[in-house]
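# Descriptive structure summary
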Amino acid sequence: MDESECRACRLHATRTQVVVGRGPRAAQVMIIGEAPGRDEDRTGLGFQGAAGRVFEDILAFLGLRRDEIWLANAVRCRPSIDGKRNRAPRPDEIATCRQWLERDLGEVQPKAVVTLGRVAFESVTGRPWDTHQRVEPVPISHAAQVFGLYHPAYLIYRRNLQSAYRDDMRRLRERLVALNIPLAPPTGPWTNADAPEGGR
Ligand code: URA
């Protein structure tokens, strides 16, 4: 079955399109979010809209470009209430969609997988998310190391997490460099220590 035609769970009935995993097959870094929201469902691309702007800042600080990473979500179709409001994905939807995550991991074989938020971490590793283990490497099959971060949407509502997030990303940069993953120098608003809670 093709990912873009998947009908394995109820979400196919209310989606506009599947937001498929995408990126270069040779990507060394895979980033996994939770699930598409309205903007992603409309455009077919991951991390658009408000969460997308925070995501861009994260990428800039890490020294990675969108076109060099593999980007996917744990759940590939938008979970919504009657196609209107976003809702959290349900455990059975996460479990059913895991086949596409497995497929991506097997085909791309990244050196590092960065998970954004609890749902992505638990789906990728099969372990419960412990917020104190952020950025601690978790090995999985396919030889990849998994590094968990907070979900960027958190930062939209909890601006006081900004400096913890910046520290996490500094440590993540060190981990990625230790895996011989080439990173550009950090850029973007988060490089400015004086930026008022992220510079936006
Ligand atoms: N949040 C996610 O987890 N993924 C997206 O693609 C957009 C918002």
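Given the structure is predicted, the values throughout are model-derived calculations rather than measurements.

### Re the side chain of Arg78
Position of Arg78 relative to the elements: it lies in the loop between β2 (70-73) and β3 (80-81). One buried charge, Arg78, has no salt-bridge partner; the nearest side chain with opposite charge is Asp41, at 4.7 Å. Side-chain polar atoms of Arg78 contact the side chain of Asn86, separated by 2.7 Å. Look past the residues within four positions of Arg78 in its chain and what remains in contact with it is Leu11, Thr14, Pro36, Gly37, Arg38, Asp41, Gly83, Lys84, Arg85 and Asn86.

### Some words on helix α4 (residues 118-125)
It helps to recall that an α-helix has 3.6 residues per turn; residues three or four apart then point in one direction. Burial analysis of α4 places 6 of its 8 residues in the buried class, which makes it a mostly covered element. Taken together, the buried positions of α4 are occupied by Val119, Ala120, Phe121, Ser123, Val124 and Thr125. The secondary structure elements touched by the buried residues of α4 are β1 (29-33), α3 (91-108), β5 (112-116), β6 (138-139) and β7 (145-149). A positive backbone phi angle near 75° is found at Gly126, which sits one or two residues after α4.

### Describing the nonpolar core
Ranked by size, the top nonpolar core spans 29 residues in total, and within it Ile31 and Tyr165 carry the most contacts. Those elements that place two or more of their residues in this core are β1, α2 (49-62), β5, β7 and α6 (162-178). Apart from the residues lying within four places of it in its own chain, the contact partners of Ile31 are Phe55, Leu59, Ile69, Trp70, Leu71, Ala72, Val114 and Leu116. Counting 17 residues, the second largest nonpolar core, distinct from the first, contains Met30, Ala72, Leu105 and Val108.

### Considerations on the packing of aromatic side chains
Scanning the entire structure with this criterion turns up 5 aromatic pairs. Ring geometry for Phe121 against Trp129: centres 5.1 Å apart, planes inclined by 55°, an arrangement best described as tilted. There is no split in this pair, since Phe121 and Trp129 are both buried. Both rings, one in Tyr150 and one in Tyr165, keep their centres 6.2 Å apart while their planes meet at 40°; by these two values the pair is tilted. Taken together, the residues span a long stretch of sequence, with Tyr150 in the loop between β7 and α5 (152-157) and Tyr165 in helix α6 at a distance of 15 residues.

### Some words on the pattern of salt bridges
According to the stated counting rule, one finds 18 salt bridges in the structure shown. Residues Arg10 and Asp92 are paired through a salt bridge, measuring 2.9 Å at the closest nitrogen-oxygen approach. Separated by 82 residues along the polypeptide, Arg10 in the segment before β1 and Asp92 in helix α3 bring together distant segments of the chain. Of the charged contacts in the structure, one is a salt bridge between Asp168 and Arg171, with a shortest N-O distance of 3.1 Å. Linking Asp168 with Arg171, this pair stays in helix α6, spanning 3 residues, or about one helical turn. Classification of Asp168 as buried rests on a relative accessible area of 2%.

### Quick notes on the site of the ligand
Around the ligand sit Gly33, Glu34, Ala35, Glu40, Gly46, Phe47, Asn73 and His151, and that is every residue in its neighbourhood. Separating an oxygen atom of the ligand from a backbone N or O atom of Glu34 is a distance of 2.7 Å. Within the side chain of His151, an N or O atom sits 2.8 Å from an oxygen atom of the ligand. Starting from 240 Å² of accessible surface for the ligand in isolation, the protein chains cover 92%.

Conventions adopted
Residues numbered from 1 in each chain as written. Predicted model: local features only at pLDDT ≥ 70, side-chain atom pairs only at ≥ 80, totals over all residues. Heavy atoms only, no water. Helix = DSSP H or I, 4+ residues; strand = E, 2+ residues; numbered from the N terminus. Buried < 20%, exposed > 50% of the residue type's maximum accessible area, 1.4 Å probe, protein only. Lys, Arg positive; Asp, Glu negative; His and termini not counted. Salt bridge = Lys/Arg side-chain N within 4 Å of Asp/Glu carboxyl O. Polar contact = N/O pair within 3.5 Å; in protein donor to acceptor, adjacent residues only side chain to side chain. Contact = heavy atoms within 4.5 Å. Core = buried A, V, L, I, M, F, W, Y, C linked by side-chain atoms within 4.5 Å. Phe/Tyr/Trp six-rings, centres within 6.5 Å; stacked < 30°, edge-to-face > 60°. Near = heavy atom within 4 Å. Areas by Shrake-Rupley, 256 points an atom, 1.4 Å probe, with all protein chains shown as cover.

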